[in-house]
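Reading the structure
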Amino acid sequence: MSVRLLDVNAQNHPLAPRLREAFDRVLASGMFIMGAEVTAFEEESARAVGARHAIAVSSGTDALLLALMAMDIGPGDEVLVPTFTFFATAGCVSRTGATPVFVDVCPVCFNIDANDARAKITSRTRAIIPVHLFGQCADMDAISALASEHHLRIIEDAAQSMGARYRGQSCGTIGQAGIFSFFPSKNLGGFGDAGMMVTNDDALAARARRLRNHGMEPKYHHHEIGGNFRIDALQAALLRVKLPHLPDYSAARAANAAHYRAELAKLPGVVSADPADCRCLADQETRLDAAGARLVLPVAYPHNDHIWNQFTLRVRGSGERDRLRTALDNAGIGCEVYYPLTLDQQPCFAGLPETARQPCPVARQLAGEVLSLPVYPELPADGRADVIAAIADFLDRGGN
Ligand SMILES: *Cc1c(COP(=O)(O)O)cnc(C)c1O
């Protein structure tokens, strides 16, 4: 049997009648730009995550760019970003004319290391973008403390983590602004590209709303230069159908993750990451070596409600990750490497100053070891069993 990494049809097709209703509503209204569907989607999303303001936009990338623009971040400024994330986190910083400064990550949760961030602060540092990678929140207490000490703005890149909580608080609402993505592979997957910025700051929200629409207010009066970052009314109407299901989608992902963690842990050479190893790769390596670990299972910190956008293993040993990937490919099991290169290694950032691209050893190691497995909500139980069997087979064959 083949198992896909993600099956959007399994999620969307059962909602077809409601999606068609939403489409018919928009078609009948003739209102395709902004309007009631967008406003309703924003209000419902704001309520769902507990934010004062939600500004729906054209993509998660545009939400990041908008948040940076609304904070006046630009040339001469530095912004701290984790080096182990999707490209957009840093790409948007560069697009404003500011300099992304790459920060290493935690070997347990893969999120930005606040100690390394502290070491990279200069007089030009204006903001920090913690990414809540794979569905788990970054260390927001440490980041908030650092930010208030150095007067940094916090933009949470929660593109992969809408609905995740940190000490009970929804991610995206902890810093001055947060962003979500509705790219089809995210937990609230849309029908094309879309995203959202959330904030509790009234002035920032007003500015972002204006910048989303060419800096225009009132009509045809432009006091500043924005862009077209609007979400389609149709997209908003369709996403309104799925938004109420988000908690169920995330719960189903969490159940799949719990099953993997329980079953894979029974296999020889499989060890769970230990939250105690946060921030010290050397200690972790010593412990993993002593345990004979070949695969390291992801773990949620007890204070985090993890929404498991990805279930990401570490495969230890030179070439082993690529061997497991090939074995899964051959068994018809979808898997993916998020991410094979750290951002400081990307050719497009080669022109950044040396100080922005200092070595980040934890992230480098992760880029060589990570492999994400199918964890989507509709993953059938027999598909899950096939994934586990294929990994067991790999471990059986590959003893070295
Ligand atoms: C998906 C993603 C984005 C960008 O979102 P798009 O909607 O694809 O533009 C930004 N940051 C992270 C961490 C992401 O995973």
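To start, this report covers the structure provided alongside it.

Criteria and thresholds
Residues numbered from 1 in each chain as written. Predicted model: local features only at pLDDT ≥ 70, side-chain atom pairs only at ≥ 80, totals over all residues. Heavy atoms only, no water. Helix = DSSP H or I, 4+ residues; strand = E, 2+ residues; numbered from the N terminus. Rg over C-alpha atoms; globule rule 2.2 N^0.38 Å. Buried < 20%, exposed > 50% of the residue type's maximum accessible area, 1.4 Å probe, protein only. Contact = heavy atoms within 4.5 Å. Areas by Shrake-Rupley, 256 points an atom, 1.4 Å probe, with all protein chains shown as cover. Lys, Arg positive; Asp, Glu negative; His and termini not counted. Charge placed at Lys NZ, Arg CZ, Asp CG, Glu CD. Axes fitted to C-alpha atoms, helices over the stretch in contact; angles between N-to-C directions. Parallel < 35°, antiparallel > 145°, perpendicular 65-115°, else oblique. Left-handed = near helix turned anticlockwise from the far one by under 90°. Nonpolar A, V, L, I, M, F, W, Y, C, P; charged D, E, K, R; others polar. 1 Å grid on protein atoms, 1.4 Å probe; cavity = no way out; pocket = protein on both sides within 12 Å on 5 of 7 lines; lining within 4 Å. Points joined across faces, edges and corners; volume = space filled by probe spheres on them. Near = heavy atom within 4 Å. Polar contact = N/O pair within 3.5 Å; in protein donor to acceptor, adjacent residues only side chain to side chain. Sits in = over half its atoms within 2 Å of the grid points. Phe/Tyr/Trp six-rings, centres within 6.5 Å; stacked < 30°, edge-to-face > 60°. Pairing = 2+ DSSP bridges. Core = buried A, V, L, I, M, F, W, Y, C linked by side-chain atoms within 4.5 Å.

Turning to the overall build of the protein, a few remarks are in order. Helices and strands together make up the secondary structure of the protein, namely 14 helices and 14 strands. Computed over its C-alpha atoms, the radius of gyration of the protein comes to 21 Å, within 12% of the 21 Å expected for a compact globule of 400 residues. The buried share among the 400 residues of the protein stands at 56%. Sequence separation of at least 24 residues holds for 72% of the intrachain contacts in the protein that already meet a minimum separation of 6. Total accessible area on the protein is roughly 16,000 Å²; 53% of this is exposed by carbon and sulfur atoms. For the protein, the distance from the average position of its 38 positive side-chain charges to the average position of its 45 negative side-chain charges is 2 Å.

Where helix H4 (residues 60-70) contacts helix H5 (residues 88-95), the axes come no closer than 9 Å and their chain directions differ by 40°. As far as their axial angle goes, H5 and H4 are oblique. Relative to H5, the crossing made by H4 is right-handed. Where H4 approaches H5, its residues Thr61, Leu64, Leu65 and Leu68 are matched on the opposing element by Ala88, Thr89, Cys92, Val93 and Arg95. Here the contact of H4 with H5 is composed, by residue class, of six nonpolar, two polar and one charged.

Within this structure, the stated rule accounts for three cavities of 30 Å³ or more. Reported here for the largest cavity is a volume of approximately 70 Å³. As for the largest cavity, its lining consists of 13 residues, of which Phe110, Phe134, Gln136, Pro298 and His306 are closest to the centre.

The environment of the ligand is formed by 15 residues, the closest being Gly60, Thr61, Gln160, Ser181 and Lys186. Gln160 places a polar side-chain atom, nitrogen or oxygen, 2.7 Å from an oxygen atom of the ligand. Across the complex, the protein chains shield 94% of the 380 Å² of accessible surface that the ligand would expose by itself. More than half of the atoms of the ligand fall within 2 Å of the grid points belonging to the largest pocket. Where the shell around the ligand is concerned, the elements lending two or more residues are H4 and H5. Looking at side-chain class alone, the shell around the ligand contains six nonpolar, seven polar and two charged residues.

Attention now moves to the packing of aromatic side chains. According to the stated counting rule, one finds 10 aromatic pairs in the structure shown. Taken together, a centroid distance of 5.7 Å and an interplanar angle of 85° make the contact between Phe110 and Phe134 edge-to-face. Highlighted residues: Phe110 in the loop between strand S3 (99-103) and helix H6 (114-119) and Phe134 in the loop between strand S4 (125-128) and helix H7 (140-150), separated in sequence by 24 residues. Given the relative accessible area of 3%, Phe134 is considered buried. An aromatic cluster is present here, built from Phe84, Phe86, Phe110, Phe134, Tyr338 and Tyr339 joined pairwise through their rings.

Another aspect to go through is the pairing of strand S9 (residues 195-199). By the criterion of burial, S9 is predominantly enclosed, with five of the five residues buried. Neither face of S9 is open: one carries Gly195, Met197 and Thr199, the other Met196 and Val198, and all of them are buried. Strand direction decides the pairing type here: strand S1 (residues 53-57) and S9, joined by five bridges, are antiparallel. Paired with Val57 across the two strands is Gly195, which belongs to S9. Direction of pairing for strand S8 (residues 177-181) relative to S9: antiparallel, over a ladder of four bridges. Residue pairing for S9: Phe180 is matched across the bridge by Met196.

For the rest of this paragraph, the subject is the side chain of Ser45. In this fold, Ser45 is placed in helix H3 (residues 36-49). Since its relative accessible area comes to 0%, Ser45 is described here as buried. Other than its neighbours up to four places away in sequence, Ser45 contacts Ala54, Met162, Met196 and Leu243.

What follows covers the nonpolar core. By size, the foremost hydrophobic cluster in this structure holds 76 residues, and its most contacted members are Phe41, Phe182 and Met197. Here this core gets seven residues from one element, more than from any other, and that element is H4. The residues touching Met197, leaving out its near neighbours within four places in the chain, are His53, Ala54, Ile55, Ala63, Leu66, Ala67, Ala177, Gly178, Ile179, Leu204 and Ala208. In terms of nonpolar packing, the next biggest core, distinct from the first, is built from 43 residues, Ala257, Phe311, Ile333 and Leu366 among them.

By themselves, these figures tell us nothing about what the structure is for.
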